[in-house]
Amino acid sequence: MTGVPGLAADLRVMREDFSLEVDLGIEPGGVLALLGPNGAGKSTALQALAGLVPLRGGRITLAGRCLDDPGAGVFVPAAERAIGMVFQDYLLFPHLSAVDNVAFGLRAARVPRRQAREQAREWLERMGLAALADAKPGVLSGGQAQRVALARALAPGPRLLLLDEPLAALDASTKMEVRSELRRHLADFNGCTLLVTHDPLDAMVLADSLVVIEDGRVVQRGRTAEVARAPRTDYVARLVGLNLYRGRATGGRIAIEGGGVLVTADSCEGEVFAVFPPSAVVLHRHRPDGSARNTWQGRVAGLEQHADTMRVQIEAAPAVLADVTAAAVADLDLTVGAPVWAAVKATEIRCYSTLDSDGCRSAPAAGPV
Ligand code: ADP
Ligand code: MG
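Attention in this report is confined to the structure presented alongside it. Predicted model only: the values in this text are computed from it and were never measured.

**Considerations on the nonpolar core**
The biggest cluster of nonpolar side chains holds 47 residues, and the ones touching the most others in it are Val102, Leu124, Val148, Leu150, Leu161 and Leu163. For this core, the element with the most residues is helix H4 (residues 142–154), which contributes seven residues. Leaving out residues up to four positions away in the same chain, leucine 161 has contacts with Gly84, Met85, Leu150, Ala153, Leu154, Leu186, Phe189, Cys192, Thr193 and Leu194. Counting residues in hydrophobic clusters, the runner-up holds 33 residues, among them Ile26, Ala40, Leu160 and Val218.

Okay, structure coming up:
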């Protein structure tokens, strides 16, 4: 593993009531997003990579150099790891100007003072912040502070950039702008990037591939688009906004675990996942006559505004999420407890085996797949 040019990490960390066992690889220039619910171990993974928490087992190598290997007695301290960090709650030193904040990163990498300030100014210029070089963080907007933090992390030329929820503290409009800027800067960066995020859009826009962890274990990994198309746990399905079911398929009929039957146009047999987007569900007040192969009755369990659509939670067998317009909610008189019919065309339902490509059986919400 020592010859690997990018990051190769087999992370085993023990905390009081929690154990993390996650392996990650990133090619130079690659961006990997690490996703998972609260408490899954994302920050613990970053801290282990950064050298803030020692490994209990496993190994980390970066650009051919071993950083942590408890079996071999190797532990490179945080400051010597060639790793840049941008953490949501560790942005900038408030008493230092923007340029001194960036120079700090360079000084920590042992660049002489004068040279550090010169390089820091160049970085701020690159980030479009030359005019704010002498400003203190207190007068910077959230987006500007974020760019200074990124400049500070990138200036010393790290081989690995760690971003922990870098956009989480920004308001919605700034977030969009900073996200596309970040994408540009990451495209210019030839080291490895690991991005922790809660936001599927961040992952879609910024990352080439994803690793999803739940309870300290990897539950799904792959190219971003593949994971989004074919979720394997409820968490991933909710994240990408899909209805996901497990069941047993026989000739296009899927008997859903927990009740109900779905008909799909896909050919599939055996233990399968079935998915369709909430936008594929049409709601009716009375049993529909139309051509949809799947129609079933339920009750409205909840309503939630989602951008310009309403997401309706329906208690039924199987339970389902439907996205409809606000006008439809009014027309159908959808309120919590109201009876409703859901209809989905067979051609909208995709179906794939619960066995992953390695032939492992996938276990939703627990255990590595
Ligand atoms: P995430 O970033 O995915 O929300 P964390 O890595 O912060 O998850 O936490 C994972 C688990 O480790 C949680 O159960 C949390 O309570 C525990 N944990 C986090 N930090 C510490 C710590 N310093 N000491 C002991 N347990 C911790
Ligand atoms: Mg965290």
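More follows now that the structure is in view.
**With respect to the site of ligand 1**
Inspection of the region around ligand 1 gives Arg15, Phe18, Pro37, Asn38, Gly39, Ala40, Gly41, Lys42, Ser43 and Thr44 as its neighbouring residues. Alanine 40 is positioned with one of its backbone polar atoms (N or O) 3.2 Å from an oxygen atom of ligand 1. One nitrogen or oxygen atom from the main chain of serine 43 is found 2.9 Å from an oxygen atom belonging to ligand 1. Protein contact buries 60% of the 560 Å² of open area that ligand 1 shows by itself. With three residues, helix H1 (residues 42–50) is the largest single contributor of residues to the shell around ligand 1. Tallied by class, residues from the shell around ligand 1 come to three nonpolar, five polar and two charged.

**Some thoughts on the pairing of strand E15 (residues 270–276)**
For E15, the buried fraction is high: six of the seven residues fall into the buried class. As judged from the four bridges shared by E15 and strand E21 (residues 350–353), these two strands associate in the antiparallel manner. If you follow valine 272 over to E21, its bridge partner there is serine 353.

**A closer look at empty space enclosed by the protein**
Any empty space left between atoms is shown by rolling a water-sized probe over those atoms. In total, this model carries one cavity of 30 Å³ or more according to the counting rule given. In this structure, the largest cavity encloses a volume near 70 Å³. Val86, Gln146, Arg147, Leu150, Leu163, Pro166, Leu167, Val178, Glu181 and Leu182 are the residues that line the largest cavity. The set of elements that each furnish at least two residues to the lining of the largest cavity consists of H4 and helix H5 (172–188).

**Structural notes on the packing of H4 against H5**
Running from N to C, H4 and H5 cross one another at 20°; their axes reach a closest spacing of 10 Å. Considered as vectors, H4 and H5 are oriented roughly parallel to each other. Where H4 crosses over H5, the handedness of that crossing is right-handed. Residues Gly143, Gln146, Arg147 and Leu150 of H4 touch H5, and the partners they reach there are Thr174, Val178, Glu181, Leu182 and His185. For the contact of H4 with H5, a count of residues per class yields three nonpolar, four polar and two charged.

What counts and what doesn't
- Residues numbered from 1 in each chain as written.
- Chains lettered and ligands numbered in written order.
- Predicted model: local features only at pLDDT ≥ 70, side-chain atom pairs only at ≥ 80, totals over all residues.
- Heavy atoms only, no water.
- Core = buried A, V, L, I, M, F, W, Y, C linked by side-chain atoms within 4.5 Å.
- Buried < 20%, exposed > 50% of the residue type's maximum accessible area, 1.4 Å probe, protein only.
- Helix = DSSP H or I, 4+ residues; strand = E, 2+ residues; numbered from the N terminus.
- Contact = heavy atoms within 4.5 Å.
- Near = heavy atom within 4 Å.
- Polar contact = N/O pair within 3.5 Å; in protein donor to acceptor, adjacent residues only side chain to side chain.
- Areas by Shrake-Rupley, 256 points an atom, 1.4 Å probe, with all protein chains shown as cover.
- Nonpolar A, V, L, I, M, F, W, Y, C, P; charged D, E, K, R; others polar.
- Pairing = 2+ DSSP bridges.
- 1 Å grid on protein atoms, 1.4 Å probe; cavity = no way out; pocket = protein on both sides within 12 Å on 5 of 7 lines; lining within 4 Å.
- Points joined across faces, edges and corners; volume = space filled by probe spheres on them.
- Axes fitted to C-alpha atoms, helices over the stretch in contact; angles between N-to-C directions.
- Parallel < 35°, antiparallel > 145°, perpendicular 65-115°, else oblique.
- Left-handed = near helix turned anticlockwise from the far one by under 90°.

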